[in-house]
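Letter by letter, the chains look like this.
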Amino acid sequence: MAFKVTIDGKMAEVPEGTTVLEAARMLNITIPTLCHHPKLTPFGGCRLCIVEIKGIPRPVTSCTTPVNDGMEVTTSTPQIEDLRKTVLELILSDHPNDCMICERAGDCTLQEMAYIYGVRENRFEGERRTYEKKDGNPFIERDMEKCILCGRCVKVCDEVQGVGAIDFAYRGFQSKICPPYEKDLNCEFCGQCVSVCPTGALSGKMWSRLGRQKDVKEVDTTCAYCGTGCNITLHVKGNDVIRVTSKEDTWNEGWLCVKGRFGYQFINSPDRLKKPLIRITPKDQSNPPFTHFAKGGHGGITRSQFKEVSWNEALDHISGRLTEIKAKHGADAIGGLSSARCTNEENYAFQKMIRAAVGANNVDHCARL
Amino acid sequence: MASLAAIFGSGAMTNSIKEIEGMEMIFIIGSNTKESHPVIANRMIKAYRKGAKIIVADPRRVPMVRFAEVFLNLRPGADIALINGLAHVILKEGLDNKEFIADKTEGFEEWKKSVETYTPEYVEKITGVPAVDIIKAARLYGSSRKAGLFYTMGITQHTCGTENVNAVANLVMLTGNIGRESTGVNPLRGQNNVQGASDAACLPNVYPGYQKVDLPEIREKFEKAWGVSLSPRPGLTATEMIPAALEGKIKAMYIMGENPVITDPNTHHTVDALKKLDFLVVQDIFMTETAELADVVLPSTCFAEKNGTFSNTERKVQRVRKAVEPPGDARSDLSIIMEISKRLGYPMNYKSPEDVLVEFGQVWPNLAGITYQRLDKDGIQWPCPDKDHPGTEYLYKEGFPKGKVRFTPAAYTPPAEVASEEYPFVLTTGRNLYQYHSGSMTRRVKAIEAHAGEPYVEISPGDGERLHIKDGEAVKVTSRRGSIKIKARITPKVSMGTVFIPMHYSEAAANVITNDALDAQVKIPEFKVCAVKIEKK
Amino acid sequence: MNKRITIQVCMGTGGMAAGGAEVLATFESLMKEKNIPAEFKKECSMHKVGCRGLCARDVLVDVIAGDNRTTYQYIKPDMVQRIIDEHVVAGNPVSDWQVTDDYHKFHEKQIKVVLSDCGNIDPEDIGAYIAAEGYKAIDKVFNAMSPEAVIDMIKKSGLRGRGGAGFPTGVKWEACRKAPGDRKYIICNADEGDPGAFMDRAVIEGNPHAVLEGMVIGAYAIGATKGYVYIRAEYPLAVERLKKAIKAAGERGYLGKNIFNKGFDFDIKIKLGAGAFVCGEETALIASIEGQRGMPRAKPPFPVHHGLWGKPTVINNVETLANIPYIIKRGPEWFSSYGTEKSKGTKVFALTGKVKNTGLIEVPMGITLKEIIYDIGGGIENNKKLKAVQTGGPSGGCITGDMLDINVDYESLAKVGSIVGSGGMIVLDEDDCMVNVAKYFLNFTQSESCGKCVPCRIGTKRLLEILDRITKGLGKESDIDLLLKLSGDIKSASLCGLGQTAPNPVLSTIKYFREEYEAHIKDKQCPAKVCRDLLTYSILEDFCKGCGACMRACPAGAIKGEKKKPHVINAGACIKCGSCFDVCKFKAVSRG
């Protein structure tokens, strides 16, 4: 069933169950919000999205109010704007306001709201909550003094991730979002909470101080881990990937896992191979060799068995040896293993090389492993 | 995946991930979705929040069990018995989709006989799953006509992997839960571009687009397209190349971006084989355990340093974009391949990765409509035969390529190795949430290493108590093939008699002990079951 | 000993605290000792009964011989012997310990409906309730009335929710009955949290079956199959009695499957609250039952459409439900014969503060405040001047001493900026500082805010801070305007009733006692001499005898002086605790 609704004089027809906020956004009418997130259930905590509805005596939150047929909504009146300003001042009266050193400066919804409403003086200065930062986990930085208790992290953790690692605790001014018994965060570290946090309260530890949003170039690409193929955005500063995010309008709705969001540091790893190498000492024929395996195969010990060579030398050497072996043992004595980590184009070219240039069908990849 | 292709026509997910939220019934078997495919699990949770019922069948109490209506905690390797048991109950209660069976399938009557003996009581004996739960699950899946079935390596990495897939497919056909929106069978791919590597024919028996090398007309088509004569003989699979190397039949290998020393079963065997090669080229981004054994090591680029496309588990071709310059002299894999090919006398003249995709689309119509320009905002799911085709969200909307699909009886056979007096535990392997595959990427992420940098073996509290093994204590896990030292993690995630080791850690490489016995048809090793003993250090 | 004797000992929480259990035990053992036991069972019975209101006089004991009821007050175990000897055995009531006239006066102006059986029947004995016409209403409803007829009758009675908002109960039931849903719930809200309020506790402790009966009738009317009593864990006695009552009602077939063979199933579960004030708010209460943190959500949708587990749910207050059986039995006209045009029936109030007779009272709606305070309450303690009456607890407001003729009903109180609320009524005299009163309530609401919405979480904190600085002499001239502005914004912008009403004590005290605020801010004086930071203590030389009492009492060592010579307070060291003022026998310490 479609409902007719008039917002600021503009008419829209929306399906039953549409909220006033959603209807306004369909009409390109901006209503300020802090706690609302389109992928999460409405919360109604920040009170910025209040509007006037004809026939209802008090202002109501547009994010929680479903449209009724014939509803008439006004999104901005002097009284509404005045209330919004009070709310913002109240939030800012309990906020460190240290934007100059905040990771999220320039990319912070609260900062943006303060800018729009021109909050500089604060009528409601008073006590601020102060907390000790005591998280030991290596992924997520929680600066609860910057937390505005919008509840997005709590909701995303429960509704989307199904974990429920955090919730509201305590009451009144001392209300706080924390893990049970204020223990360290111990969860799946998907970082969904970081992605929905409208302020600098939650951020990734590994990108702390590496660059704010205005300094990065964003490159949209596809995650290189599991087969889900989440759309990710690499944040590049200089020649370094300093952060990974995912946009809300991607098919994966902006959700990632711990690997996708926090597992990018291998790109800039000092262990990366930088030059072609040719073996100079014979292979150790003893068995087993595993005792010397470093974590993840850094290969520090075996590096000395190789020398760095130019590309031409390496490529000539390879083509020479392969040609020799093919001549001696036939093409079928040569096999190629390709990789699920490589692109379609590379895999296509690889099998074509084995089939067309070498002349064998011995080509496979790790689909079975 | 090949087994599934043999049955329905394609080995890919029949649904798209988005469709999961519309499913009313989700059956997860042999997939630790929450840890191996976390974002797909998010969709399942979304469906759950909308009222979908979830069944989880797994030897381990995996995290998705939290959302399960029924948890079928089966013994490792008993999948066929369980699935046949479900089919038995569905038939007995008349929940089968008679219309679908009559219109779209063949071999039903014969197959039906094959599940007659799988009564819930009999299946309980084999699987350890209570008969009441089998009946409950059968009713849930059987009475739904909007059900999605999901599996991964927990189904395929067995000596009976092909039969496992057959059993799964039979269940799907029995209920007709395929070929509609939010309804289908969905193998989840473990790696970012397994789908693409398979599509591109890094497979020994087919050319790009699963076109058989041993069919002359196909070979002629490719000889014409590539301007060269091609070998008519199907090649060896990865798991066959290793023994062939040991036997001296394979003399040289070119390995691009793979680390078989860690990811293949029976590591000793793999190392011996690679050392025996006359010549080994490894092209990778790190000095992997495999690269250490190479004669030439070539530095290549990672996903952030190149342009191209990946195809995900739902057949969606998506863009990979270059964000940073590669380190040192590292070059893109494509440019290296072109250089080698040229030197071998077969120059490839691609000006950009896009040229390759264009050629790919010319030899395989399913990609013909996909261009980089169309991929700019969103990916496209193949089949996409022309430029105006929107892509295909779910397969078999218009029926199966073969017309009718066939029920193939699958009989329960015990795993190649079962627990014995000497090796009383069943070891199963897999992934954890934090690390990825051989760990060459994730283990270089400091935060991940700090949080999950240590190998462990999961032991049930009951077994821990019995063997006086405490949480965190070092133990020795030994199979007929080797042994590793590793820390014990006492957890109710595993049941008594079963232990689990994640595959990622080279310092306690699970594949030192796993069994390299292969599935006879698709040559997948039995990573998921082997017999081990556990001793206190 | 020729008459049938009944002994009733008040054992509500008040009675228990005063030693009711010991008194009853002493009666029991002494009567055995006195060789009365042989006849005890036949001739004599003893009961514990619930609260009858005047808790200040506990332990209250009735000795009923035949038709003569004698009530004793302030009874301690060591007084039992004499009552037995003189009254029970010899038949001569002990006149020294009997209640006085004001006890009777306390009850005279009251009209007890909900409380009618409280204090008269043993709440732990379902037989006693049945003997007092209990469960007759269920009988009538199940045998002679359709659910719609029940709803009609409740609508006609004019009963409005006694929890505070005053929403018509019948209308609420009707909305829930009409709401589509395969399952419906009825919840009894016994999460009484206003400071100083104990109406619901007393009703459950004194007559739990009336509440259950009301719930069964409500369930029948709306079509609910399951009920919850959400009660705070801090009410152990009430919980205990409720448990016993539910068990007994189940055994008698008033609860459970197929009640009265009419194919109607209804069960009641007790859900203990953890003492969060906000859980009295309907949606927070529902969240709490569902196992979530008790946080309200925006309405609509209202619980009657989307309540517990998403199903249509009616939530009624204890007193509301306890009214139901009486309305059914006696008819809506009887009920609406009490009260005013829009506020029908009676209302229970917890009368506390500076009034002589503190306790629980039930009065017809529309009674004047004067009658409550002077006739029932016996006037102001120590004959001080009445300053104000605070009604409605932390959500309410003040009525000043010169508005005593006001009728106590929903509309009249709302007109002057206060509310009936759940029934708290605190009497304030000239010694109470109104800024401090506002601060007290703000402190309460602030620490009970759930933290969800900004105006309530931070706004009430800022209100409290401003009030605090005013009481400390640090107020600014602009503070009153800031209080008014912020209060208005909090009322407009808060999510739930807690925040929307939290500023009421501030607004109402400013409205009627602005000059007190101004005195604090401009003159740095607290007229009621309550705000410690604004007080100065000095010793009046002329009156000081140099006894040294103040010096010994001073915890800060701020008083010096030689014996028999006037002492002196060192203002710098004085911590303004008032010990010297309290201890001086010669009124030589001045406070100002």
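In this text, all values refer to a predicted model and were calculated from it rather than measured experimentally. (Residues numbered from 1 in each chain as written. Chains lettered and ligands numbered in written order. Predicted model: local features only at pLDDT ≥ 70, side-chain atom pairs only at ≥ 80, totals over all residues. Heavy atoms only, no water.)

## A word on the overall build of chain A
The secondary structure content of chain A amounts to eight helices and 16 strands. For 369 residues, the compact-globule formula gives about 21 Å, and the C-alpha radius of gyration of chain A, at 28 Å, lies well above that figure. Once the C-alpha set of chain A is aligned to its principal axes, its extents read approximately 90 × 50 × 35 Å. Going through the 369 residues of chain A one by one, you find that 63% of them count as buried. Here chain A displays about 14300 Å² of accessible surface, and carbon together with sulfur accounts for 51% of that area. Each charge sign in chain A was given a centre, from 48 positive and 46 negative side chains, and these centres are 5 Å apart. (Helix = DSSP H or I, 4+ residues; strand = E, 2+ residues; numbered from the N terminus. Rg over C-alpha atoms; globule rule 2.2 N^0.38 Å. Buried < 20%, exposed > 50% of the residue type's maximum accessible area, 1.4 Å probe, protein only. Areas by Shrake-Rupley, 256 points an atom, 1.4 Å probe, with all protein chains shown as cover. Lys, Arg positive; Asp, Glu negative; His and termini not counted. Charge placed at Lys NZ, Arg CZ, Asp CG, Glu CD.)

## Notes on the arrangement of the chains
If you rank the two pairs of chains in contact by how many contacts each has, first place goes to chains A and B. A gap remains between chain B and chain C, which never touch, and the nearest two C-alpha atoms on either side lie 13 Å apart. (Contact = heavy atoms within 4.5 Å.)

## Remarks on the pattern of salt bridges
It is possible for side chains of opposite charge to pair when their charged atoms get near one another. Residues and elements named next belong to chain B. By the definition in use, this model includes 93 salt bridges over all chains. Close ionic contact of Glu422 with Lys533 constitutes a salt bridge, the shortest N to O distance being 3.7 Å. Of this pair, Glu422 sits in the loop between β15 (405–406) and β16 (425–430) while Lys533 sits in strand β21 (residues 530–536), placing them 111 residues apart in sequence. The exposure class of Glu422 is partly exposed, given its relative accessible area of 47%. Lys533 sits in the partly exposed class, given a relative accessible area of 22%. (Salt bridge = Lys/Arg side-chain N within 4 Å of Asp/Glu carboxyl O.)

## Describing the domain arrangement of chain C
Per the domain assignment, the segments of chain C are domain 1 (5–99), domain 2 (126–336), domain 3 (346–429), domain 4 (434–521) and domain 5 (535–591). Between the C-alpha centres of domain 1 of chain C and domain 5 of chain C the distance comes to 48 Å. (Domains from an automatic or database assignment.)

## Quick notes on the packing of aromatic side chains
With the rule as written, the count across this model stands at 41 aromatic pairs over all chains. Among the aromatic side chains, those forming a connected cluster through ring pairs are Tyr348(A), Tyr207(B), Tyr210(B), Phe222(B), Trp226(B), Phe360(B), Trp364(B) and Trp382(B). Between the NZ or CZ atom of Lys176(A) and the centre of the ring of Tyr131(A), over which it lies, the distance is 4.2 Å. Its guanidinium or amino end placed over the ring of Phe286(B), Arg444(B) lies 3.7 Å from that ring's centre, counting from NZ or CZ. (Phe/Tyr/Trp six-rings, centres within 6.5 Å; stacked < 30°, edge-to-face > 60°. Lys NZ or Arg CZ within 6 Å of the ring centre and 35° of its normal.)

## Examining the interface of chain A and chain C
With 34 residues of chain A at the interface, the matching set in chain C holds 33 residues. Overall, the association of chain A and chain C removes approximately 2800 Å² of surface from exposure, summing both partners, and the carbon and sulfur fraction of that is 55%. Run the count over chain A and chain C and you get three salt bridges. One salt bridge in this structure joins Glu127(A) and Lys461(C), with 2.7 Å as the shortest N-O distance. Counting the contacts that link chain A with chain C gives 21 residue pairs in polar contact (both at pLDDT 80 or more). Mapped by element, the contributors of at least two residues to the side of chain A that touches chain C are α2 (78–93) and β7 (167–169) of chain A. If you tally residues by element for the side of chain A that touches chain C, the top one is α2(A), at eight residues. (Buried area = accessible area lost by both parts, 1.4 Å probe. Polar contact = N/O pair within 3.5 Å; in protein donor to acceptor, adjacent residues only side chain to side chain.)

## Topic: the packing of helix α11 (residues 208–222) of chain C against helix α14 (residues 318–330) of chain C
All names here are of chain C. Viewed as axis vectors pointing N to C, α11 and α14 meet at an angle of 75°, and their least axial separation amounts to 7 Å. Here α11 lies roughly perpendicular to α14, going by the angle between them. Where α11 approaches α14, its residues Ala210, Val211, Glu213, Gly214, Met215 and Ile217 are matched on the opposing element by Val318, Leu321, Ala322, Ile324, Pro325, Tyr326 and Ile328. Partitioning the contact of α11 with α14 into residue classes produces 11 nonpolar, one polar and one charged. (Axes fitted to C-alpha atoms, helices over the stretch in contact; angles between N-to-C directions. Parallel < 35°, antiparallel > 145°, perpendicular 65-115°, else oblique. Nonpolar A, V, L, I, M, F, W, Y, C, P; charged D, E, K, R; others polar.)

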